[in-house]
There are 2 protein chains.
Amino acid sequence: MSSEAPRPGTSDHSNTLIGKAFESIRKDIIASELKPGEKLRIAQLRTRYGVGTSPLREALSRLVSEGLVTARGQRGFWVPPVSVEDSEDIVETRVVLETYALRASIKVGDDEWEGQIVGAYHNLRRVEQRFADEPAGSFAEWWERNRLFHEALIAACPLKWLLRFQHIVFDLHNRTHRSSMQTPNLSPDLFEDHRLIMEATLARDARKAVELLEHHIRRPPEPAGE
Amino acid sequence: MSSEAPRPGTSDHSNTLIGKAFESIRKDIIASELKPGEKLRIAQLRTRYGVGTSPLREALSRLVSEGLVTARGQRGFWVPPVSVEDSEDIVETRVVLETYALRASIKVGDDEWEGQIVGAYHNLRRVEQRFADEPAGSFAEWWERNRLFHEALIAACPLKWLLRFQHIVFDLHNRTHRSSMQTPNLSPDLFEDHRLIMEATLARDARKAVELLEHHIRRPPEPAGE
DNA sequence: AAATCATAAAAAATCGATATTTTTTGTGCA
DNA sequence: TGCACAAAAAATATCGATTTTTTATGATTT
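All values reported here derive from a predicted model rather than from experimental measurement.

Our focus in this paragraph is the overall build of chain A. Looking only at helices and strands, chain A features nine helices and four strands. Of the regular secondary structure in chain A, the N- to C-terminal order runs β-α-β-α-α-β-β-α-α-α-α-α-α. Over its C-alpha atoms, taken along the principal directions, chain A stretches across nearly 60 × 55 × 30 Å. Counting over 226 residues, chain A shows a buried share of 51%. For chain A, contacts bridging at least 24 residues in sequence account for 74% of all contacts bridging at least 6. Here chain A has roughly 10600 Å² of accessible surface; of this, 49% comes from carbon and sulfur atoms. Between the mean site of the 31 positive side-chain charges and the mean site of the 34 negative ones, chain A shows a separation of 6 Å.

This is the structure:
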């Protein structure tokens, strides 16, 4: 009997069309290639992602609970619209979860945890330096490494469920940012934030780290043109 | 064009077999009728809930993101097992979310909010009184009204996403409690907690209300026997 | 004439049956 | 006991049928 019940919160969908569709659609929604408010028609998605109806609908169903897709019975699926109220809600919820997790991490984090942060920051820094030269090419990459850096900061928090929720609102926040800028546009202030947050965190200065992180999360997206 | 994109976090699955299956399975998992660690075989569930493969799998997919079902690619679905670590994780996450939401509610709640709390408490009190006489008959009802009472307490919190996450961990916490007791067994201390929490909340004594709520959430389930 | 309502046609979502693929179980052999 | 292979079971995916919603059209009312 090698069929063990997996731990809660597990979602191993490797090697299935469901998994492929799930990841692809998730990626496209976060990147705002599937635009906020857009109707997700099954027939269209089938040709776009090259899978049948069933795996497609199952992937969409999974995304519903993550808030990246909304469903109405017998009416189909949509990309949820982006509104100011929702964005503020997402930002403040992210502040609550992420500052708690950062405090907890600073309290119990070990050498291994510190090393992961330094490594993630290094990778992030690389893209940030490259961003000035070729913004378009490094934009998507920046978001991914930004996510990994923030995850590393709070990885020592023992509450797995809280981290899971943080992941969800992070993705949602990511999407609102990306949908608000037509062209890649990242403030150098954001980059500076990262350095300061890391320094305060490694110095175990919880109060300062949390304050910096709050400002960082609340920082509004750069206006499109300048 | 009456097809409007619904707000994020919406899940209206009315009148679909998916919705029926989703609610039924969710209910049975929380009530531990589908037991922790149990394999969820599609063929069995089809006869049990009287629906076909497609709506069944979609319902299960939705439950995966809520943590009430786990999935392994090509291996199928399980009811997640209950472990001590997971339970502590769930409890502490619930404390973080629910105390924040209670504080926020006390800060901004209006008359309407207060009325809902009093009403929910009244309904809950009724079942709690009935519980002494017929525990088996009022057990499931108690859980539902308990949930409604706790939701009423924090309903004025403006962060919809935080409330949504609270709902998820509440259900998970509910399940761990129910799976730990073979026979209905609720402590009178729990009932007393409710009264005190309500009083402190309506008195707008945030510090006291939060302290009581923390103790209440952390209170372990009654041991099965006496 | 404009607006409302009913009806029909088209489109789309939903569902179940069947075929395919993968995993699990069972059996014989080294 | 361990391994290879075959059989069975189970999950997954595709397809087509059914149901529901949406759109289009025309008649009726104000």
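So, about the domain arrangement of chain A. Residue and element names in this part refer to chain A. Here chain A is partitioned into domain 1 (17–78) and domain 2 (84–218). Using C-alpha coordinates to define each centre, domain 1 is positioned 27 Å away from domain 2. Tallying the contact residues gives nine residues for domain 1 and eight residues for domain 2. Carbon and sulfur atoms supply 57% of the area that domain 1 and domain 2 bury against each other, a total of about 790 Å² over both sides. Linking domain 1 to domain 2 there are one salt bridge. Residue R26 is joined to D171 by a salt bridge in which the shortest nitrogen-to-oxygen separation is 2.7 Å. Our count for the domain 1 to domain 2 interface comes out at two residue pairs in polar contact (both at pLDDT 80 or more).

A full pass over the atoms with the stated rule returns 15 aromatic pairs over all chains. Between F131 of chain A and F139 of chain A, the ring centres sit 6.5 Å apart and the planes meet at 40°, which makes this aromatic pair tilted. The pair formed by F131 of chain A and F139 of chain A is uniform in burial state, with each residue classed as buried. When the centroid spacing of 5.0 Å and the interplanar angle of 80° are considered together, the rings of W142 of chain B and W143 of chain B count as edge-to-face. Overall, W142 of chain B belongs to the buried group, its relative accessible area being 2%. A connected cluster of aromatic rings, assembled from ring pairs, spans F131, F139, W142, W143 and F191 of chain A. Positioned above the aromatic ring of W78 of chain B, the side-chain terminus of K39 of chain B is 4.8 Å from the ring centre. Taking NZ or CZ as reference, R62 of chain B lies 5.7 Å from the ring centre of F22 of chain B, over its face.

It is worth spelling out the relation of the copies chain A and chain B at this point. Each copy of the chain is related to the other by a rotation around an axis and a translation along that axis. Taken as rigid bodies, chain A and chain B are interconverted by a rotation of 180° and an axial shift of 0.0 Å, the fit giving an RMSD of 0.0 Å. Taken together, these values place the two copies in the relation of a two-fold axis. Of the interface residues in chain A, 100% have counterparts in chain B that sit at the interface too, so the contact is made through matching surfaces.

Not every one of the 22 residues close to DNA strand C is listed here, only the nearest: R57 and Q74 of chain A together with L17, G52 and S54 of chain B. Of what DNA strand C places within 4 Å of the protein, 88% of the atoms are sugar or phosphate. At 2.5 Å, a backbone N or O of L17 of chain B approaches a phosphate oxygen of DNA strand C. Between DNA strand C and the protein, one listed contact pairs a base nitrogen with a side-chain N or O atom of S54 of chain B at 2.8 Å. Those elements that provide at least two residues to the surface near DNA strand C are β2 (39–40) and β4 (76–78) of chain A together with α1 (17–30) and α3 (53–65) of chain B.

Within the element layout of this structure, E128 of chain A appears in helix α5 (residues 111–131). There is a polar contact of 3.2 Å between the side chain of E128 of chain A and the side chain of W142 of chain A.

This part takes up the protein's contact with DNA strand D. In the neighbourhood of DNA strand D, 22 residues make up the surrounding shell, with L17, G52 and S54 of chain A together with R57 and Q74 of chain B lying closest. Close to the protein, within 4 Å, the atoms of DNA strand D belong to sugar or phosphate groups at a rate of 90%. Here a phosphate oxygen of DNA strand D sits 2.7 Å away from a polar atom, N or O, in the main chain of G52 of chain A. One of the backbone nitrogen or oxygen atoms of I42 of chain B is found 3.4 Å away from a phosphate oxygen of DNA strand D.

Another point: the pattern of salt bridges. Residues and elements named next belong to chain B. What the rule picks out here adds up to 36 salt bridges over all chains. The closest approach of N and O atoms between R219 and D193, which form a salt bridge, is 2.9 Å. Taken together, the positions of R219 in the segment after α9 (206–218) and D193 in helix α8 (residues 188–202) put the pair 26 residues apart, joining distant regions of the chain. Note that E199 and R195 form a salt bridge whose closest N and O atoms lie 2.9 Å from each other. Of this pair, E199 and R195 both sit in helix α8, four residues apart, which is roughly one turn of that helix. Judged by its relative accessible area of 40%, E199 is partly exposed. The class of R195 is partly exposed, set by a relative accessible area of 29%.

Cut-offs used in this document
Residues numbered from 1 in each chain as written. Chains lettered and ligands numbered in written order. Predicted model: local features only at pLDDT ≥ 70, side-chain atom pairs only at ≥ 80, totals over all residues. Heavy atoms only, no water. Helix = DSSP H or I, 4+ residues; strand = E, 2+ residues; numbered from the N terminus. Buried < 20%, exposed > 50% of the residue type's maximum accessible area, 1.4 Å probe, protein only. Contact = heavy atoms within 4.5 Å. Areas by Shrake-Rupley, 256 points an atom, 1.4 Å probe, with all protein chains shown as cover. Lys, Arg positive; Asp, Glu negative; His and termini not counted. Charge placed at Lys NZ, Arg CZ, Asp CG, Glu CD. Domains from an automatic or database assignment. Buried area = accessible area lost by both parts, 1.4 Å probe. Salt bridge = Lys/Arg side-chain N within 4 Å of Asp/Glu carboxyl O. Polar contact = N/O pair within 3.5 Å; in protein donor to acceptor, adjacent residues only side chain to side chain. Phe/Tyr/Trp six-rings, centres within 6.5 Å; stacked < 30°, edge-to-face > 60°. Lys NZ or Arg CZ within 6 Å of the ring centre and 35° of its normal. Least-squares fit on C-alpha atoms with pLDDT ≥ 70 in both. Near = heavy atom within 4 Å.

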